[in-house]
Amino acid sequence: EVQVVQSGAEVKKPGESLKISCKASGFSFTTYWIGWFRQMPGKGLEWMGIIYPADSTTRYSPSFQGHVTMSADRSVTTAYLYWSSLRASDTAIYYCARKGDWFDPWGQGTLVTVSS
Amino acid sequence: QSVLTQPPSVSGAPGQTVTISCTGSSSNIGAGYGVHWYQQLPGTAPKLLIYDTNNRPSGVPDRFSGSKSGTSVSLAITGLQAEDEADYYCQTFDTNQSGVLFGGGTTLTVL
């Protein structure tokens, strides 16, 4: 079964760092891009960026460039999204998805709560 | 405000047909990039519903269909059912913004 499974919910304080994960299975991890998305409470989907695990090429949305870092580990077929310093406004559900010409399948989402 | 414009909400009674529009421009839909639709049921992750304007993935009922005209695409849902209540998003690529675009999303209410 083709799927991506994300890590569990996180509660962090402002200024802390965080890395969430997206584990791929059922397909060749190095022949697809992986996309990351943010959904703030009660809001729509926002594209954050994509990563090509074969060579870790990344493309960031201008809205997220410099605030998050995408990476991938081919040995464990897992993509990651990293913040070095969280803000309260980073509170959201984060999704990953496999990208061919469209995004499918999607992970179940990781809820990140940033609060002092 | 999204570059792809969707109505915030639509509604219909069971059995009726509703249409959700997604209006872009010459730098995205009008440039010939594929347009895709996602369904997000309450409390769940988005799911691919329609790809490349009018193609359904396996398992998606044929009550869902897509079409395109110029710089706009539409999603039609016929024979509306209660389980169709969800948020629907269109998505494509934009050359000006050099990236993936989503519409703002449309909430479908089944009356």
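Everything quoted here is computed from the prediction, not taken from an experiment.

(A) Summary view of the overall build of chain B. If you tally the helices and strands in chain B, you get zero helices and nine strands. Put simply, chain B runs from its N terminus to its C terminus through helices and strands in the order β-β-β-β-β-β-β-β-β. For chain B, the C-alpha radius of gyration of 13 Å lies close to 13 Å, the compact-globule estimate for 111 residues. Expressed as lengths along the three principal axes of its C-alpha atoms, the size of chain B is roughly 40 × 25 × 25 Å. Taken over 111 residues, chain B has a buried fraction of 45%. Counting only contacts in chain B whose residues sit at least 6 apart along the sequence, the fraction spanning at least 24 positions is 57%. Just so you have it, chain B exposes about 4800 Å², and 47% of that area is on carbon and sulfur atoms. Distance between charge centroids for chain B: 6 Å, based on 4 positive and 7 negative side chains.

(B) Looking closely at the nonpolar core. Core analysis: the largest hydrophobic core is formed by 24 residues, its most contacted members being I20(A), I34(A), W36(A), L81(A), W83(A) and Y94(A). Breaking this core down by element, the ones donating at least two residues are β3 (18–25), β4 (33–39), β5 (45–52), β8 (78–83), β9 (92–99) and β11 (110–114) of chain A. In terms of residues, this core owes the most to one element, β3(A), which gives four residues. Core analysis: the second largest hydrophobic core is formed by 22 residues, L4(B), I29(B), W37(B) and V110(B) among them.

(C) Structural detail: the interface of chain B and chain A. Tallying the contact residues gives 16 residues for chain B and 14 residues for chain A. If you look at where chain B meets chain A, you find zero salt bridges. Counting the contacts that link chain B with chain A gives six residue pairs in polar contact (both at pLDDT 80 or more). Taken together, the elements giving at least two residues each to the side of chain B that touches chain A come down to β3 (36–40), β7 (86–94) and β8 (99–102) of chain B. Taken together, the residues of the side of chain B that touches chain A break down into eight nonpolar, seven polar and one charged.

The rules behind these values
Residues numbered from 1 in each chain as written. Chains lettered and ligands numbered in written order. Predicted model: local features only at pLDDT ≥ 70, side-chain atom pairs only at ≥ 80, totals over all residues. Heavy atoms only, no water. Helix = DSSP H or I, 4+ residues; strand = E, 2+ residues; numbered from the N terminus. Rg over C-alpha atoms; globule rule 2.2 N^0.38 Å. Buried < 20%, exposed > 50% of the residue type's maximum accessible area, 1.4 Å probe, protein only. Contact = heavy atoms within 4.5 Å. Areas by Shrake-Rupley, 256 points an atom, 1.4 Å probe, with all protein chains shown as cover. Lys, Arg positive; Asp, Glu negative; His and termini not counted. Charge placed at Lys NZ, Arg CZ, Asp CG, Glu CD. Core = buried A, V, L, I, M, F, W, Y, C linked by side-chain atoms within 4.5 Å. Salt bridge = Lys/Arg side-chain N within 4 Å of Asp/Glu carboxyl O. Polar contact = N/O pair within 3.5 Å; in protein donor to acceptor, adjacent residues only side chain to side chain. Nonpolar A, V, L, I, M, F, W, Y, C, P; charged D, E, K, R; others polar.

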